[in-house]
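Close look at the chain arrangement
Listed below are the residues making up each chain.
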Amino acid sequence: EAGVTQSPTHLIKTRGQQATLRCSPISGHTSVYWYQQALGLGLQFLLWYDEGEERNRGNFPPRFSGRQFPNYSSELNVNALELEDSALYLCASSFGGENQPQHFGDGTRLSIL
Amino acid sequence: AQSVSQHNHHVILSEAASLELGCNYSYGGTVNLFWYVQYPGQHLQLLLKYFSGDPLVKGIKGFEAEFIKSKFSFNLRKPSVQWSDTAEYFCAVDYKAAGNKLTFGGGTRVLVKP
């Protein structure tokens, strides 16, 4: 069974640019989650999508946004990039509903120059 | 605010030693509890989970964890570690009222010396 796949592996941008990160969930999973792992800040919840809808959002500014496509894959968009956006962005997926464990991908390393 | 604390940032022990990693979380109603492990160069993997029922849960690779509701704790244990258990371990809490988002502890790096 293929796991959660994320692309690209690495992404280098400059301040003010926009970044798009992609995630394909495990087959059969309808929920996709995004987390940020920044140096010194640990893993922080960003967004949860289920059945194409945003279901929950962490404490991040509106320039962090995303969407989920009909095939359940997802994009995370970060606009007006700032230096502190440099981090590892992890995607996770799960079956829909309650009490479903989340399974993580390898992440996209976003570096802002 | 909801928070999760892992008491040790780094643990060093020898093979065959017993391992116990502490995890405490702040009160926030009903919770689901998880331990994840990240081996060097690999992604986060689910080690074990607690949703309800028996507070002693068994996971993969000989790990177990005990949920003590009165202490808001979910400590991870392994009776005898191997060199291959060298990894970073994360405790995570799903506060059910907060809607499917995991709140993670800061992680504990475990080094097992052969």
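Above this text you will find the structure in question.
Within every chain, residues take consecutive numbers counted from 1 along the sequence as written. Whichever chain is written first becomes A and whichever ligand is written first becomes 1, with later ones labelled in order. Totals for whole chains, interfaces and linings use all residues, but because this is a predicted model, local features are given only for residues with pLDDT of at least 70 and pairs of side-chain atoms are given and counted only at 80 or more. Water and hydrogen atoms were dropped before computing side-chain values, which therefore reflect all heavy atoms in the structure.

Things to note about the sheet that holds strand E1 (residues 5–7) of chain A
All names here are of chain A.
- One bridge is not enough; two strands pair if DSSP finds at least two bridges between them. Under the DSSP-based scheme used, a helix requires at least four consecutive residues in state H or I and a strand at least two consecutive residues in state E, with every element numbered from the N terminus. Taken together, four strands build an open sheet; the order of strands is E1-E3-E8-E7 and the sheet is antiparallel. This sheet does not close on itself; its edge strands, each paired only once, are E1 and strand E7 (64–68). The average angle at which neighbouring strand axes cross in this sheet is 20°, direction not considered.
- In this sheet, strand E8 (residues 74–78) lies alongside E7 in antiparallel orientation, the contact comprising five bridges. Residue pairing for E8: phenylalanine 64 is matched across the bridge by valine 78. Axis definition: a line fit to C-alpha positions, over the contact stretch in the case of helices; interaxial angles, taken between N-to-C directions, run 0 to 180 degrees.

Overview of the side chain of serine 93 of chain A
Residues and elements named next belong to chain A.
- Residue position: serine 93 is located in strand E9 (residues 87–94).
- Relative accessible area decides the class of each residue, using a 1.4 Å probe on protein chains only: under 20% of the type maximum gives buried, over 50% gives exposed, and in between gives partly exposed. The exposure class of serine 93 is buried, given its relative accessible area of 0%.
- We define a polar contact as two N or O atoms separated by no more than 3.5 Å, with the added condition that, inside protein, one atom must be a possible hydrogen donor and the other a possible acceptor, whereas residues neighbouring each other in sequence contribute only through side-chain atom pairs. A polar side-chain atom of serine 93 sits 3.3 Å from the main-chain amide nitrogen of isoleucine 26.
- Of the polar contacts made by the side chain of serine 93, one reaches the side chain of histidine 29; its length is 2.7 Å.
- Here serine 93 is in contact with Val4, Pro25, Ile26, His29, Ser31, Val32, Tyr33, Pro101, Gln102 and His103, once residues within four sequence places are set aside. Between two residues, a contact is recorded if the distance between any of their heavy atoms is within 4.5 Å.

Focus on the packing of aromatic side chains
- Two rings from Phe, Tyr or Trp (for Trp, the six-membered ring) form a pair when their centres are within 6.5 Å of each other. A pair whose planes differ by under 30 degrees is stacked, one over 60 is edge-to-face, and the rest are tilted. Overall, the coordinates contain 16 aromatic pairs over all chains when judged by the stated rule.
- For the pair tyrosine 35 of chain A and phenylalanine 104 of chain A, a centre-to-centre distance of 5.5 Å together with 45° between the ring planes defines the contact as tilted. One end of the pair, tyrosine 35 of chain A, is in strand E4 (residues 31–38); the other, phenylalanine 104 of chain A, is in strand E10 (residues 103–104), with 69 residues separating them in the sequence. Assigned by exposure class, tyrosine 35 of chain A and phenylalanine 104 of chain A land together as buried.
- Within the aromatic cluster, the residues linked to one another by ring pairs are Tyr35, Phe45 and Phe104 of chain A together with Phe34, Tyr36, Phe51, Phe90 and Phe104 of chain B.

What to know about the interface of chain B and chain A
- With 16 residues of chain B at the contact, the number on the chain A side is 18 residues.
- For the chain B and chain A pair, buried surface summed over both sides reaches about 1,500 Å², with 56% attributable to carbon and sulfur atoms.
- Here, a salt bridge means any Lys or Arg side-chain nitrogen found within 4 Å of an Asp or Glu carboxyl oxygen. Between chain B and chain A we count one salt bridge in total.
- With a shortest N-O distance of 3.7 Å, lysine 96 of chain B and glutamate 98 of chain A are connected by a salt bridge. Buried area: the accessible area, evaluated with a 1.4 Å probe, that two parts lose upon being put together, summed over both parts.

Things to note about the pairing of strand E8 (residues 64–68) of chain B
Residue and element names in this part refer to chain B.
- Sheet topology places strand E7 (residues 56–58) next to E8; three bridges connect them, and they run antiparallel. Residue valine 57 lies in a different strand from E8, and its bridge partner there is alanine 65.
- Between E7 and E8, which pair antiparallel and follow one another directly, the connecting turn spans five residues, one of which, lysine 61, has a positive phi of 60°.
- As paired elements, E8 and strand E9 (residues 73–78) share five bridges and run antiparallel to each other. Considered in E9, the bridge of glutamate 64 is made with arginine 77.

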